[in-house]
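Chain and residue survey
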Amino acid sequence: MGFSALLALISVVFIEVAHLLSPAPALDVLLSFLPGGQAEMVVIAIVAGSDVAFVVTHHLTRLILVILAAPVIGRWLGPK
């Protein structure tokens, strides 16, 4: 429970910072950075009337960054 609460708090802080730095509407930023599957976020964006291209681009960028950065950070933080 504590780990989930911590992740939720980090997500909320990150989304708020992204919203303050972005000219995009709050709902688009929220959907772009919420954890979840690509397909689910696209469906929610369509139903909510958000910019689907904005949401998809941010989800794919986040996925690529995580895939590329995780091994580097893992090696950096791993056992010495």
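Figured I'd write up the structure that's included with this text. None of these values were measured; they are calculated from a predicted model.

Quick notes on the rules
Residues numbered from 1 in each chain as written. Predicted model: local features only at pLDDT ≥ 70, side-chain atom pairs only at ≥ 80, totals over all residues. Heavy atoms only, no water. Helix = DSSP H or I, 4+ residues; strand = E, 2+ residues; numbered from the N terminus. Buried < 20%, exposed > 50% of the residue type's maximum accessible area, 1.4 Å probe, protein only. Contact = heavy atoms within 4.5 Å. Areas by Shrake-Rupley, 256 points an atom, 1.4 Å probe, with all protein chains shown as cover. Core = buried A, V, L, I, M, F, W, Y, C linked by side-chain atoms within 4.5 Å. Patch = residues over 30% accessible without salt bridge, like charges linked within 9 Å, V, L, I, M, F, W, Y side chains within 5 Å. Salt bridge = Lys/Arg side-chain N within 4 Å of Asp/Glu carboxyl O. Phe/Tyr/Trp six-rings, centres within 6.5 Å; stacked < 30°, edge-to-face > 60°. Polar contact = N/O pair within 3.5 Å; in protein donor to acceptor, adjacent residues only side chain to side chain. Axes fitted to C-alpha atoms, helices over the stretch in contact; angles between N-to-C directions. Parallel < 35°, antiparallel > 145°, perpendicular 65-115°, else oblique. Left-handed = near helix turned anticlockwise from the far one by under 90°. Nonpolar A, V, L, I, M, F, W, Y, C, P; charged D, E, K, R; others polar.

The next point concerns the overall build of the chain. For the chain, the helix and strand inventory stands at four helices and zero strands. N-terminal to C-terminal, the α/β element order of the chain is α-α-α-α. When its C-alpha atoms are laid out on the principal axes, the chain stretches across 50 × 25 × 25 Å. Scored against the burial criterion, the 80 residues of the chain give a buried share of 20%. Within the chain, counting contacts between residues at least 6 apart in sequence, those at least 24 apart form 33% of the total. Of the roughly 5900 Å² of accessible surface on the chain, a fraction of 79% belongs to carbon and sulfur atoms.

The biggest cluster of nonpolar side chains holds six residues, and these are I15, A18, A24, V29, F33 and F54. Excluding anything up to four places from it in sequence, I15 contacts V29, L30, F33 and L34.

Turning next to a nonpolar patch on the surface. On the surface, a nonpolar cluster with roughly 940 Å² of combined accessible area is contributed by F3, L6, L7, L9, I10, V13, V17, L20 and L21. Checked against the element boundaries, L21 lands in helix α1 (residues 2–21). For L21, a relative accessible area of 71% gives the class exposed.

As a further point, take the packing of aromatic side chains. Per the stated rule, a full pass over the model turns up one aromatic pair. With a centroid separation of 5.1 Å and an interplanar angle of 80°, the aromatic rings of F14 and F33 are classed as edge-to-face. Placement of the pair is F14 in helix α1 and F33 in helix α2 (residues 26–33), with a sequence separation of 19 residues. A residue is classified by how much of its surface remains accessible, and F33, at 18% relative accessible area, is buried.

As for its position among the elements, H59 is in helix α4 (residues 52–77). Looking at H59, its side chain comes within polar contact range of the main-chain oxygen of L31, at 3.1 Å. Residues contacting H59, with those up to four places away along its chain left out, are L31, S32, L34, G36, Q38 and M41.

We now examine the packing of α1 against α2. The N-to-C vectors of α1 and α2 enclose an angle of 140°; their axes lie 9 Å apart at closest approach. One way to sum up the angle between α1 and α2 is to call them oblique. The crossing of α1 and α2 is right-handed. Facing F14, I15, A18 and H19 of α1, the residues of α2 in contact are A26, V29, L30 and F33. Its residues assigned to classes, the contact of α1 with α2 comprises seven nonpolar, one polar and no charged.

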